[in-house]
Amino acid sequence: MIYELFLPKKIVAGIDSFQRLSAEIKQLKIQRPFILYSRSALTNQLENLKQEVCDAHFYEILKGEPTTDELDRALAELHINSCDGVIAIGGGSVIDLAKAVAVFAVNPNLSLSDVPNIPELNRMPFIAIPTTAGTGSEATKVTVITDEKLHKKLNPAHPSFIPDVVILDATLTVNVPPSITSFTALDALTHAIEAFVSTKANTMSDYFAKEAISCISKNIETVYEQPHNIEARQQLLMGSFYAGIAFSNSSTNLAHATGRALGVKFHMPHGQCVALMHPFVIQYSLESAYKRYEEIAKIIGITGAQFLSDYLDELNRKQHVWKSAQAIEPLLTDEVIEQLADQALAGNGILTNRQVPKNGDIEIIFKQLRKRLQIEGGIVQWQQCQVEK
């Protein structure tokens, strides 16, 4: 069997490694960097960074997930300011947008749908610095951009989206709000689990998936309860990175397919949506991937694969994920659920699920979510959430 592993060319990891940024810019021979950032991620470092990288042009991402319109605006500003390299400092949305900017800055005639069909693509030099421990975007060959006209999330994959340099410094994650810390960490855990049970899983993706599951499960609750525990945050950040490598070289599955549909419909954070869907997807897929789920359970310290969904349900309860989505429960009508199922079925992650779902199966999963959101507080027995076929 032949495997091809896609990784960033250089990984700089450790507390305070952000201080290496200027040196990495020089090494890539970037004269005028285009720095995409979120202000909340650089609360304490922004002014120092502007003085240190004095020739840079700074492009602030205000909020929300990247869109095709935002991509066009960023590209126009990059060209106006004659920039020759791209740096992303922020969460997954910032990094995803920067990936597309780095590629389309030198390939202006391509569309997002064209990219996967072209074997080799040039791009601008690119450095990624995540400020959340969750998306793993800094490690992946995928970018997620919403086409507002089509009301659809596009997620083209190409090795050119992988950065030249990744800097992993947990000090940049300390000021992340508890809800975002939770959503992104649960997203990373889902990346790792889905990569491991994917039909495309291989020996190398398995290695990184298991490392990610171990790092994340050992630190996710500590970071939520002790937000200034920098060592635990660094481990969570490394786990997110490993999970990014795993699913970039394998795939995600049904939790991401359903989560994407939920996010587009209700404009909710991606990590929140994936965390909401994952317990029910595991219940649906359990029999088809039992041995793999059993191995995951052992890594986490659970007594059996059948309790893995309960573990995720409990994490969602402790970190207030269920309550965070209470407002959408009355909006999940049967008609809306049919639409969500259609959207999920049309996206990526269906055929890579060990149990390939049909439209009706996905509707049941969304109905289980609706039932779970109706129940306030406490740990729910899964029998209460089951919906009759």
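Note that the coordinates shown come from a computational prediction; the quantities given were computed from them, not determined experimentally. (Residues numbered from 1 in each chain as written. Predicted model: local features only at pLDDT ≥ 70, side-chain atom pairs only at ≥ 80, totals over all residues. Heavy atoms only, no water.)

## Structural notes on helix H6 (residues 203-225)
For clarity, the cut-off: To qualify as a helix, a DSSP run of H or I must reach at least 4 residues; to qualify as a strand, a run of E must reach at least 2; elements of each kind are numbered from the N terminus. Here a helix's expected span is defined as the number of its residues, less one, multiplied by 1.5 Å. Two axes enter the definition of the bend at a residue: one is fitted to the seven residues ending there, the other to the seven starting there, and the bend is the angle between them.
Over its 23 residues, H6 runs 34 Å from end to end, which matches the ideal 33 Å to within 8%, given 1.5 Å per residue. For H6, the principal kink sits at asparagine 219 and spans about 40°.

## What about the confidence of the model for the protein chain?
To keep things clear, this is the line we draw: A score from 0 to 100, pLDDT tells how confident the predictor is in each residue. A contact between two residues is defined here by any heavy atoms of the two lying within 4.5 Å.
Put simply, the protein chain has an average pLDDT of 92, and 96% of its residues get 70 or more. Scored below 50 in pLDDT, residues 377-389 makes 28 contacts in the model with residues more than four places away or belonging to other chains.

## Some thoughts on the pairing of strand S2 (residues 33-37)
Note the following rule: Only protein chains enter the accessibility calculation, which uses a 1.4 Å probe; a residue is then buried when its area is under 20% of its type maximum, exposed when over 50%, and partly exposed in between. The rule for pairing is simple: two strands pair if DSSP sees at least two bridges between them.
When you tally the buried positions in S2, you get five out of five residues, the bulk of the element. In S2, alternate side chains face the same way, and those of Pro33, Ile35 and Tyr37 on one face and Phe34 and Leu36 on the other are all buried. Bridge analysis of S2 against strand S4 (residues 85-90) gives five bridges, and the strand direction is parallel. The residue of S4 that forms the bridge with isoleucine 35 is isoleucine 87. Note: S2 against strand S3 (residues 57-60), four bridges, orientation parallel. The residue bridging tyrosine 37 from the neighbouring strand is glutamate 60, located in S3.

## Structural notes on the side chain of threonine 352
What counts is decided by this rule: Polar contact is defined as a pair of N or O atoms within 3.5 Å, subject to the rule that within protein one atom must be able to donate a hydrogen and the other to accept it, and that residues adjacent in sequence are counted only when both atoms are side-chain atoms.
If you trace the backbone, threonine 352 turns up in the loop between helix H13 (334-346) and helix H14 (359-373). Overall, the relative accessible area of 10% leaves threonine 352 in the buried class. A distance of 2.9 Å separates a polar atom in the side chain of threonine 352 from the backbone oxygen of threonine 252. When sequence neighbours within four positions are dropped, the list of residues in contact with threonine 352 reads Val197, Ser198, Thr199, Lys200, Ser251, Thr252 and Asn253.

## Things to note about unusual backbone geometry
Most peptide bonds take the trans form, and the phi angle of most residues other than glycine is negative. Although it is not a glycine, aspartate 16 adopts a positive phi angle of roughly 75°. With respect to the helices and strands, the residue aspartate 16 is situated in the loop between strand S1 (10-13) and helix H1 (21-27). Its identity as a non-glycine residue notwithstanding, serine 82 has a phi of 50°, on the positive side. Considering the arrangement of structural elements, one finds serine 82 in the loop between helix H3 (68-80) and S4. A residue is classified by how much of its surface remains accessible, and serine 82, at 56% relative accessible area, is exposed.

## Points about the packing of helix H5 (residues 178-197) against helix H10 (residues 290-300)
Short version of the rule: Every axis in this analysis is a line fitted to C-alpha atoms, fitted for helices over the stretch in contact. Angles between the N-to-C directions lie between 0 and 180 degrees. For classification purposes, angles smaller than 35 degrees are called roughly parallel, those larger than 145 roughly antiparallel, those between 65 and 115 roughly perpendicular, and all remaining angles oblique. The hand of a helix crossing depends on one turn: near helix anticlockwise from the far one by less than a right angle means left-handed, and clockwise means right-handed. Asp, Glu, Lys and Arg are counted as charged, while Ala, Val, Leu, Ile, Met, Phe, Trp, Tyr, Cys and Pro are counted as nonpolar; the rest, among them Gly, fall into the polar class.
With their axes 9 Å apart at the nearest point, H5 and H10 run at an angle of 140° to one another. Taken together, the axis directions place H5 and H10 in an arrangement best described as oblique. The hand of the H5/H10 crossing is right-handed. Listed contacts from H10 to Ile193, Phe196 and Val197 of H5 are Arg292, Tyr293, Glu295 and Ile296. Grouping the constituent residues of the contact of H5 with H10 by class yields five nonpolar, no polar and two charged.

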